[in-house]
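# Notes for the structure review
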Amino acid sequence: MAMRPPVGLPTMSKRAKRVLIALVTLAVLAILWFQFVSIYVDWLWYGEVGFREVFTTQALSRIAMFLVAGVGAAACVFLALFLAYRSRPVFVPSNEADPLAPYRAIVTARPKLFAFGIAILIGLISGLSAQSDWTIVQLWLHGQNFGTLDPQFGNDVGFYVFTLPMIQLVLGWLFVIIGVCFVLVALVQYLFGGIRLSGPGRKVTPQATMQLSLLVAAFVLLKAVQYWYDRYELLFSNRNPTFTGASYTDINAVLPAKLILMLIALICAIGFVVGAFTRSVKLPAIALGLLVLSSVLIGGVWPLVLQQVVVNPNGINREPEYIARNIDATRTAYDIQDDQINYVDYPGQLVGDPQEIIADQDTVPNARLLDPNVLSPTFTQQQQLRNFYGFPDQLAMDRYTVNGQTQDYVVAVRELNAAGLNDAQKNWINEHMVFTHGDGFVAAPANTVVNGYPDYVVSDLAALQRQQAGGAAPAIPVAQPRTYYGQLVTDYAIVGSDGGSAREYDTDSSRYTYTGTGGVPVGNLFQRAVFATEYGEQNFLFSTEINSNSKILYNRDPIDRVKLAAPFLTADTKAYPAVVDGKIVWIVDAYTTAANYPYAQNVTLSDATNNSLAARGAASQTSQQVSYIRNSVKATVDAYDGTVTLYAVDESDPVLKAWEGVFPGLVKPASAVSDSLRAHFRYPQDLFEVQRSLLVRYHVDDPVDFFQSSGFWRVPNDPTVSDTVQAPQPPYYLQVKLPGSDAATFQLTSVLTGYQREFMSAYVSAGSDPGDYGKLTVLRLPTATQTPGPQQVQQLFRTTQEISSLVTLATNQGGSRVIWGNLLTLPVNDGLLYVEPFYIQGQTTSSTSGSSFPQLNRVLVWYAGRVGVGTTLTQALTRAAQSAPVQTPVTGDGADILTDPSGASATPTAPPTSSAPPPADQQAALTQMDAAASALEAAKASGDLGQIGAASQKLEDAVRNYLALAGTSIPSASLGPVPTSAGG
């Protein structure tokens, strides 16, 4: 029978091969080009800011880690494959067809190709995985001693922070490599018949038995080493949910178990070695079974039994020793030791006549009436000037000395906000070459308002021009008000192209060319091609507006610049601007952290720093978990040229010292901080929130009380936001005079209430002035008396008739929005004074231009059980002094009860309202009502919400006076519903 000739595989023509090779080459070159661009752009940026050693150190560290791990893994894999291949059986006895024969033939034809190929692949994977751990290796190489020993093993804390992570890294790497080698050897032996599942004779050859047994012996020997170092990890245990650290069960059950398992693992390793040379699998199998059984019984069951039978029923007797260790370590790790905190027993009750508060010249005059978290729309409307300028959603607080007087200011930079450009302005030239910078520094005294609005101090181009023309300098003079770096700029800018038609917008009548040192040259074709690739923008190549003088500014957010310049630091989420020696600079707090401080409580930064500002769009901290933190570095970013400067403010920090060994000369010493810059340092808010989240428990000294949660405090929820938002009240920067101080100082403050209670327990503050920077003060209120907390005082404010009437008028008649400002707590005359600004934001209508913005309408105060409301702080304090103490609402079990200022329960009554002196008779009362009604109509015609509210209050007072003379009164229900949210 004729046979069909075999059909060969289709072949490619030479031309097709050339095309395929060309396409593959182009694809590879494109990938390499994009990788090169990403690295080169970073290289250029680090060169611009003068931190190129950060780039090179990171790059060299990563390359070294890649080579060490990659070459080591490849060598181990190649050796394992080489030995397995050499010890393969010469033939495979079998009575059946062998399905593996074709694969054996392929491998046998090119054994070196397969061995080197697999080894290189495993090496690449290992190297790429290991290079990200360069920080662990660098800290190990430059580790420092803390000078503190752990209470269990007596090792310096530096061993746990710097050395133990390196040991764990190496052990983990070795475990993986041995596991990979075991699998590859087993596959090779199976492929070549060293391991068989069927057929006559031995199923495993002696050579395969030896190789696999030795690999398992090495694995088990590593396990024994790991058991030894696992003992140290017990000091980070979370077995007891009450505290972090080794508990009674860990020390008395798990720790002995680790030692016993280590010995068993050593015996098992010896068993595997003996089994390898005796060509027996029985002894290794018995050893492996012993190890698994003992790890389950000794390492798992025994600690569980001890915890359930001994510890849980008797924890109050078993755990105090270990809780004491946790208390000491946590206080040290977070810098909240007793010698760092001044605990003061504070009466919390006003001493003397309430009128004395009005005469206070230290704290009360500095009470903040402007809420920086509310007034961004007001700043925007009144100080924006152009649609492409703007302010961040949360403004900042700082202090300045003007005319010899130091006081708090709400501060902000009038930044470029490209999102504000209208459609006609949105094109590549405008967005990146014309509208490039902001204009000036804006500040407003925090305790001053003019017609309900801030009293601005502006230092911008217009003020600079007036000064240069012989006019008076602004109260806070700025030599260069143009700001190219800020929180609102999210994209790049191309500047410096002098002579082009697209020069930078500066004022209505002039243009500007950037002359600062910031930016990367982008004038030549190669640089333009690089950035065209980086941003996917062809205009870099074709725009004639870019010339040899052009530079590109990128990474312009001050926090991002600090993170890039010092990747080993954790940046605070709140940068703030300051005028220092005539320059606008951004100040960024930065932290060194560690996760392995023995016995110190674990804290997740995002949880500890969560507060009600997050509901208003504030930035959140990372979810990094730490057990040690220091504000060791202050960073500044020049708003004009982007210069990044790092200053060491805690030079004793061992973690910072280690990083200074990695990056020598990167951080300037504390002595380099000028007095003018130091005057604007603030105690960082994120650190303060971490510390206060721990102080609510770690102010307790007695371990038994700690175990019982006795005397714990809590951070109260912010009562000024919507009831649907349950988030902690943020801390506030204030000028306050603390007990024992001679004058008011700039403090970061917070209140703490009782555990699951709304009454005040403590007042915490951190000093920010150079003389007392970092000193924490805790005013402990007595438990015998009950001082209302923020929630209770806010409820009193909401039910005050004057405020509830304003709320009703604003929401029901004008469609306006009421905004409760920050509820501040101030220590005055051994008592506490609450101050809260009350804002009204009018509704925008077709007859009004622009958007509405908040206007201060009333000031609310509480002290000594008295509530006062006024258009000014002095008026509110005076009315409070003239009123009688009111009952404090207490929420419990879903029912509202009231207590008098001493804490005793009382019958619910409405708080009194301040009112004008009543008229002599009903006729006079009618005349007063007519006058008030006319005044209200006039106020409505003006459209001023402040005047409307004041006139409404006068009309209400007049009606109340008339009804009082007629023998009746206005029921509380007639005042309308009291809203419970910030939006009314």
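Read on for an overview of the structure. Note that the structure is a prediction, hence the values are computed from the model and not measured. (Residues numbered from 1 in each chain as written. Predicted model: local features only at pLDDT ≥ 70, side-chain atom pairs only at ≥ 80, totals over all residues. Heavy atoms only, no water.)

### Here's the deal with the pattern of salt bridges
All chains considered together, the criterion is met by 20 salt bridges. Linking Asp230 and Lys258 is a salt bridge whose minimum nitrogen-to-oxygen distance equals 3.7 Å. Note that Asp230 is positioned in helix α7 (residues 206-233) and Lys258 in helix α8 (residues 248-278), a separation of 28 residues in sequence. When its relative accessible area of 19% is taken as the criterion, Lys258 is described as buried. Across the salt bridge formed by Asp686 and Lys574, the nearest N and O atoms sit 3.1 Å from each other. Here the residue Asp686 occupies a position in helix α22 (residues 685-698), and Lys574 occupies one in the loop between β17 (570-571) and β18 (576-580), the gap between them amounting to 112 residues. Within this structure, Arg331, Asp338 and Asp701 form a network of salt bridges that share partners. (Salt bridge = Lys/Arg side-chain N within 4 Å of Asp/Glu carboxyl O. Helix = DSSP H or I, 4+ residues; strand = E, 2+ residues; numbered from the N terminus. Buried < 20%, exposed > 50% of the residue type's maximum accessible area, 1.4 Å probe, protein only.)

### Quick notes on a nonpolar patch on the surface
Taken together, Met12, Val19, Leu20, Leu23, Val24, Leu26, Val28, Leu29 and Leu32 make up a surface patch of nonpolar side chains, about 830 Å² in accessible area. Tracing the backbone shows Val24 in helix α1 (residues 14-49). Take Val24: its relative accessible area is 46%, and that puts it in the partly exposed class. (Patch = residues over 30% accessible without salt bridge, like charges linked within 9 Å, V, L, I, M, F, W, Y side chains within 5 Å. Areas by Shrake-Rupley, 256 points an atom, 1.4 Å probe, with all protein chains shown as cover.)

### Looking at the packing of aromatic side chains
All told, the structure shown has 54 aromatic pairs when counted by the stated rule. Aromatic pair Tyr248 and Tyr322: ring centres 6.5 Å apart, planes at 70°, arrangement edge-to-face. Remark: Tyr322 occurs in helix α11 (residues 320-333) and Tyr248 occurs in helix α8; sequence separation between them is 74 residues. Here Tyr248 and Tyr322 have matching classes, each one buried. Where Tyr834 meets Trp862, the ring centres are 5.7 Å apart and the plane angle is 70°; that geometry is what we call edge-to-face. Residue Tyr834 is located in strand β31 (residues 831-841), and its partner Trp862 is located in strand β32 (residues 854-863); the two are separated by 28 residues in the primary sequence. Take Trp862: its relative accessible area is 6%, and that puts it in the buried class. Members of the aromatic cluster, each reached through a chain of ring pairs, are Phe153, Phe159, Tyr160, Tyr229, Tyr232 and Phe236. Above the face of the Trp228 ring, Arg231 is positioned so that its terminal group lies 3.5 Å from the ring centre. (Phe/Tyr/Trp six-rings, centres within 6.5 Å; stacked < 30°, edge-to-face > 60°. Lys NZ or Arg CZ within 6 Å of the ring centre and 35° of its normal.)

### Section: the nonpolar core
Counting 209 residues, the largest nonpolar core has Phe379, Phe441, Phe531, Phe540 and Leu833 as its most contacted members. Of all the elements, helix α6 (residues 157-191) adds the most residues to this core, at 11 residues. If we skip the residues at most four places from it in the chain, Phe540 touches Trp428, Tyr492, Ile494, Val522, Arg528, Phe531, Ala532, Tyr535, Ile546 and Ile552. The next biggest cluster of nonpolar side chains, apart from the first, holds 22 residues, and it includes Ala73, Leu81, Ile122 and Leu215. (Core = buried A, V, L, I, M, F, W, Y, C linked by side-chain atoms within 4.5 Å. Contact = heavy atoms within 4.5 Å.)

### A word on the sheet that holds strand β12 (residues 493-495)
One open sheet holds the three strands; their spatial order is β12-β16-β15, and the pairing between them is antiparallel. If you trace the sheet from one side to the other, it starts and ends with β12 and β15 (520-521), each paired once. In the sheet, β12 pairs with strand β16 (residues 551-553) via three bridges, with the strands oriented antiparallel. Each bridged residue has a counterpart across the sheet, and for Ile494 the counterpart in β16 is Ile552. (Pairing = 2+ DSSP bridges.)

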